[in-house]
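Working through the structure, step by step
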Amino acid sequence: MNKKQYAEMLKDISETHKNGGDVSACIAKYNKLYKYVYVYNDNIFKLLFGNPENESITVDFLNAVLKLDGGDCIEKVTFVNPALPEAFGKSITSDVVALDQRQDRIVLEVQHVEHESFNSRLVLYAAKHIIASRIKGDDYKLRNLNVISLQMFDGFPESRNYRHCIQLKNQDNELFYDKETITLVEIPKFLKRKYEQDNSRLALWLRVFDGLNNESLVDVPKGSQYALLQEKAKLSIFTEDFLVSEAMKMSDHNYELYVEKKNARAEGLAEGRAEGREEGRDDERTAVALDMLADNEPIEKIVKYSHLPESKVLELRDSRATYNSK
């Protein structure tokens, strides 16, 4: 199913749940309509690529994105924040964070919305992971960091490339520092231009994703990691508890659209909070409320779309005012 169909399914599940209807029957209806989930949904993506059970899929995809071959290949990963289906009712981060066999850090995210602060957010985000990559006992010794962002917009619209490798270099394009790499993959550009002559592993992965989202599978070798993902992405595999949890977080379609539209700024605001507010930063409803407060939306509207009690919204408003005054 595509993004719109996934949102419509969640809305239907939410309304059925709220009205005391038969949720199982509601989900069964969609299992007849669609065979596969929308791969690029944040939590779906994390369940597919941040789940220890799917480590082989993740390793293959990471090697494809980073163009690693031979002895440079990632052989295995340990997930710093593993995706466990039963945990999705709680506050979690949607990014996949892992360490490879060399203890180098890899971060994988899906970025849905273009925003003027996106580049700044990404640099800040990478900086935080650089600090986390520091080798204990030596303040200036760092492990390699790869931040991978799958973008639903074009970061380099004038470039014919859809994959961009960003590192620190001087004016003569000489590499200054090789342990921090940001890799951007422009999904819409790839889909629009098709790149039919591109037979890279990354191109095949992106075609597999698109086939799943359009309910039209790409032919892949049996037993391959592509084929394994096609099995793992079946809607029937995802539990009722998970789908209900997702639906209740997006119970109003307008709220879901607001989350999509404002995601970039919400993340920037939330990530700028002190470490002691980690729980609020990870809570999507709180992030949306903070974002709407930044837009000076009425309190009653924030309550409606964030699904937070008015007392909590007022508390966030007051604490935000205090934070901004510092």
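Not measured: the values here are computed from a predicted model.

As a further point, take the overall build of the protein. Within the protein one finds 14 helices and six strands. For the protein, the residues scored as buried account for 48% of the 326 residues in total. If you take every contact in the protein between residues at least 6 apart in sequence, the share linking residues at least 24 apart comes to 64%. Summed over its atoms, the accessible surface of the protein is roughly 16700 Å², and 49% of this surface lies on carbon and sulfur atoms.

Attention now moves to the layout of surface pockets. One simple way to see leftover space: roll a probe sized like a water molecule over the atoms. Space inside the second largest pocket adds up to approximately 370 Å³. Forming the boundary of the second largest pocket are 21 residues, of which N119, L122, V123, I166 and I182 lie nearest the centre. Among the secondary structure elements, those contributing two or more residues to the lining of the second largest pocket are α5 (118–132), β5 (163–169) and β6 (175–186). Of the residues forming the lining of the second largest pocket, the biggest block, seven residues, is contributed by α5. Considered class by class, the residues forming the lining of the second largest pocket number twelve nonpolar, five polar and four charged.

Another point: the sheet that holds β5. Ordered by their spatial adjacency, six strands build an open sheet running β1-β2-β3-β4-β6-β5, and the pairing between neighbours is mixed. Unpaired on one side and paired on the other, β1 (77–79) and β5 mark the two borders of the sheet. The mean angle between the axes of side-by-side strands here comes to 25°, regardless of whether they run parallel or antiparallel. As paired elements, strand β2 (residues 96–100) and strand β3 (residues 105–111) share four bridges and run antiparallel to each other. The residue of β3 that forms the bridge with V97 is V107. Of the strands in this sheet, β1, β2, β3 and β4 (145–151) touch helix α3 (residues 42–49), which is tilted by about 150° from β3.

Once that is clear, we can look at the packing of helix α1 (residues 3–18) against helix α9 (residues 240–249). One way to put it is that α1 packs onto α9 with a least axis distance of 8 Å and a crossing angle of 95°. With respect to α9, the element α1 is oriented roughly perpendicular. Of the residues in α9, those in contact with Y6, M9, L10, I13, S14, H17 and K18 of α1 are F242, L243, V244, E246, A247 and M248. The residue makeup of the contact of α1 with α9, split by class, is nine nonpolar, two polar and two charged.

The next point concerns the pattern of salt bridges. Counted according to the given criterion, the structure contains nine salt bridges. Note that E109 and R121 form a salt bridge whose closest N and O atoms lie 3.0 Å from each other. In this pair, E109 is assigned in strand β3 and R121 in helix α5, connecting sequence segments twelve residues apart. One exposure class covers both E109 and R121, and it is buried. For K301, the salt bridge goes to E297, with nearest N and O atoms at 3.4 Å.

Detailed conclusions should not be drawn from predicted coordinates in areas where pLDDT is low. Scored by pLDDT, the protein has a mean of 85; 84% of the residues are at 70 or more. Counting interchain partners and residues more than four positions distant, the pLDDT-below-50 stretch residues 252–256 has 16 contacts. Counting interchain partners and residues more than four positions distant, the pLDDT-below-50 stretch residues 263–282 has 35 contacts.

Running from N to C, helix α4 (residues 55–66) and helix α8 (residues 225–232) point in directions that differ by 130°, and their axes come no closer than 10 Å. Between α4 and α8, the crossing angle belongs to the class labelled oblique. At the point where α4 passes α8, the crossing takes the left-handed sense. Contacts between α4 and α8 pair S56, I57 and D60 from the former with Q225, Y226, L228, L229 and K232 from the latter. Grouping the constituent residues of the contact of α4 with α8 by class yields four nonpolar, two polar and two charged.

Here we come to unusual backbone geometry. At N173, a residue that is not glycine, the phi angle is positive and equals roughly 65°. On the secondary structure map, N173 appears in the loop between β5 and β6. By relative accessible area, which is 55% here, N173 ends up exposed. Here the phi dihedral of K194 falls at roughly 70°; this positive angle occurs in a residue that is not glycine. Tracing the sequence through the fold places K194 in the loop between α6 (187–193) and α7 (201–213). In this structure K194 comes out as partly exposed when scored by relative accessible area, which is 48%.

On inspection of all chains with the given rule, the structure shows 16 aromatic pairs. Seen from their ring centres, F61 and W205 are 5.7 Å apart, and the 80° between their planes marks the pair as edge-to-face. Within this pair, whereas F61 is found in helix α4, its partner W205 is found in helix α7, the two being separated by 144 residues in sequence. Each of the two residues, F61 as well as W205, counts as buried. Residues F61 and F209 carry aromatic rings whose centres are separated by 5.4 Å and whose planes lie at 50° to one another, so their mutual orientation is tilted. Here F61 is found in helix α4, whereas its partner F209 is found in helix α7, with 148 residues between them in sequence. Here the two residues F61 and F209 agree in accessibility, since each one is buried. Three or more aromatic residues joined by ring pairs form one cluster here, namely Y38, Y40, F45, F49, F61, W205, F209 and Y226.

Procedures and definitions
Residues numbered from 1 in each chain as written. Predicted model: local features only at pLDDT ≥ 70, side-chain atom pairs only at ≥ 80, totals over all residues. Heavy atoms only, no water. Helix = DSSP H or I, 4+ residues; strand = E, 2+ residues; numbered from the N terminus. Buried < 20%, exposed > 50% of the residue type's maximum accessible area, 1.4 Å probe, protein only. Contact = heavy atoms within 4.5 Å. Areas by Shrake-Rupley, 256 points an atom, 1.4 Å probe, with all protein chains shown as cover. 1 Å grid on protein atoms, 1.4 Å probe; cavity = no way out; pocket = protein on both sides within 12 Å on 5 of 7 lines; lining within 4 Å. Points joined across faces, edges and corners; volume = space filled by probe spheres on them. Nonpolar A, V, L, I, M, F, W, Y, C, P; charged D, E, K, R; others polar. Pairing = 2+ DSSP bridges. Axes fitted to C-alpha atoms, helices over the stretch in contact; angles between N-to-C directions. Parallel < 35°, antiparallel > 145°, perpendicular 65-115°, else oblique. Salt bridge = Lys/Arg side-chain N within 4 Å of Asp/Glu carboxyl O. pLDDT = per-residue confidence, 0-100. Left-handed = near helix turned anticlockwise from the far one by under 90°. Phe/Tyr/Trp six-rings, centres within 6.5 Å; stacked < 30°, edge-to-face > 60°.

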